[in-house]
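What follows is the residue order along each chain.
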Amino acid sequence: MVAVESATPGDAAAVADLWVALAAGQRRYGSHLRGEASRRAAEEALARAAADGRLDVARDADDVVGFVRYGVERGALAQDVTRGVVRDLYVVAERRGEGVGSSLLDAAEASLRNRGADVVAVEAMADNEDAIRLYERRGYRPHRIEFEREVENDKRYRGDR
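What counts and how
- Residues numbered from 1 in each chain as written.
- Predicted model: local features only at pLDDT ≥ 70, side-chain atom pairs only at ≥ 80, totals over all residues.
- Heavy atoms only, no water.
- Helix = DSSP H or I, 4+ residues; strand = E, 2+ residues; numbered from the N terminus.
- Buried < 20%, exposed > 50% of the residue type's maximum accessible area, 1.4 Å probe, protein only.
- Pairing = 2+ DSSP bridges.
- Axes fitted to C-alpha atoms, helices over the stretch in contact; angles between N-to-C directions.
- Parallel < 35°, antiparallel > 145°, perpendicular 65-115°, else oblique.
- Left-handed = near helix turned anticlockwise from the far one by under 90°.
- Contact = heavy atoms within 4.5 Å.
- Nonpolar A, V, L, I, M, F, W, Y, C, P; charged D, E, K, R; others polar.
- Phe/Tyr/Trp six-rings, centres within 6.5 Å; stacked < 30°, edge-to-face > 60°.
- Expected span 1.5 Å × (residues − 1).

1. Re unusual backbone geometry
Move 1: Positive phi, close to 60 degrees, is recorded for A61, a residue that is not glycine.
Move 2: Examined against the element boundaries, A61 turns out to sit in the loop between β2 (55–60) and β3 (63–72).
Move 3: Overall, A61 belongs to the exposed group, its relative accessible area being 62%.

Here it is in structure tokens:
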């Protein structure tokens, strides 16, 4: 039985392992994150998120099988809503399709609502159809679309050769 609960800073190493797997899996969709090279920074950020109550984990017995990191968006620019943001949501492959991701998203949404969020935003890579399907089933709709292109520079040439 999977239980979703607030993470502790002591969970950061186990969650960092999952974050590295998330980053590696997202590369097939065009992500530029280098998971293993970012492990230490990710673990530190995850420990801070846990200490601040912005990280939840899904546990099956003693094993962490998923996590969600989230927070209320803060910035210098005034907005007409308070925006909660789900920054990372991941479930190990063998536990997908069991509702673990939905339970993690439920927990994040409840926490963000309790922190005053009026809306919740999530991100998915454009080609990640499974994530997009989950979010759409949950009532999320596109809000912004980000475009990217490579540029010619000293590191990369895109011309015909």
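2. Remarks on the pairing of β3
Move 1: Counting buried positions over the 10 residues of β3 gives 9, a clear majority of the element.
Move 2: Pairing between β2 and β3: 6 bridges, direction antiparallel. Bridge pairing in β3 links A58 to G66.
Move 3: In sequence, β2 turns back onto β3 through a hairpin of 2 residues, with A61 there showing a positive phi of about 60 degrees.
Move 4: Taken together, the 7 bridges between β3 and strand β4 (residues 83–91) define a ladder with antiparallel strand orientation. Counted as the bridge partner of F67 is Y90 from β4.

3. Topic: the packing of helix α1 (residues 12–26) against helix α2 (residues 39–51)
The geometry of a pair of packed helices is captured by two quantities: the angle between their axes and the separation between those axes.
Move 1: Orientation of α1 relative to α2, taken along the N-to-C sense of each, is 130 degrees, at an axis distance of 9 Å. Here α1 lies oblique to α2, going by the angle between them. In this structure, α1 meets α2 at a crossing whose hand is right-handed. Contacts between α1 and α2 pair A12, A13, V15, A16, D17, W19 and V20 from the former with R39, A42, E43, L46 and A47 from the latter.
Move 2: Broken down by class, the residue content of the contact of α1 with α2 amounts to 9 nonpolar, no polar and 3 charged.

4. A word on the packing of aromatic side chains
Move 1: By the definition in use, this model includes 2 aromatic pairs.
Move 2: Between F67 and Y90 the ring centres are 6.3 Å apart and the planes differ by 45 degrees, which places this aromatic pair in the tilted class. With F67 in strand β3 and Y90 in strand β4, the pair connects residues that are 23 residues apart, well separated along the chain. Judged on exposure class, the residue F67 and its partner Y90 are both buried.
Move 3: Centre to centre, the rings of Y135 and Y140 are 5.9 Å apart; their planes meet at 65 degrees, and the pair counts as edge-to-face. The burial state of Y135 is the same as that of Y140; both residues are buried.

5. Comments concerning α1
Move 1: Taking 1.5 Å per residue as the helical rise, α1 with its 15 residues ought to reach 21 Å, and the 20 Å between its terminal C-alpha atoms agrees with that figure.
Move 2: Every buried residue belonging to α1 is among A12, V15, A16, L18, W19, V20, L22, A23, G25 and Q26, and all of these are buried.
Move 3: Tucked inside the fold, the buried residues of α1 contact α2, β2, β3 and β4.

6. Quick word on the side chain of D11
Move 1: Structurally, D11 can be placed in the loop between β1 (2–6) and α1.
Move 2: Setting aside residues up to four positions removed in sequence, D11 forms contacts with V57 and R59.

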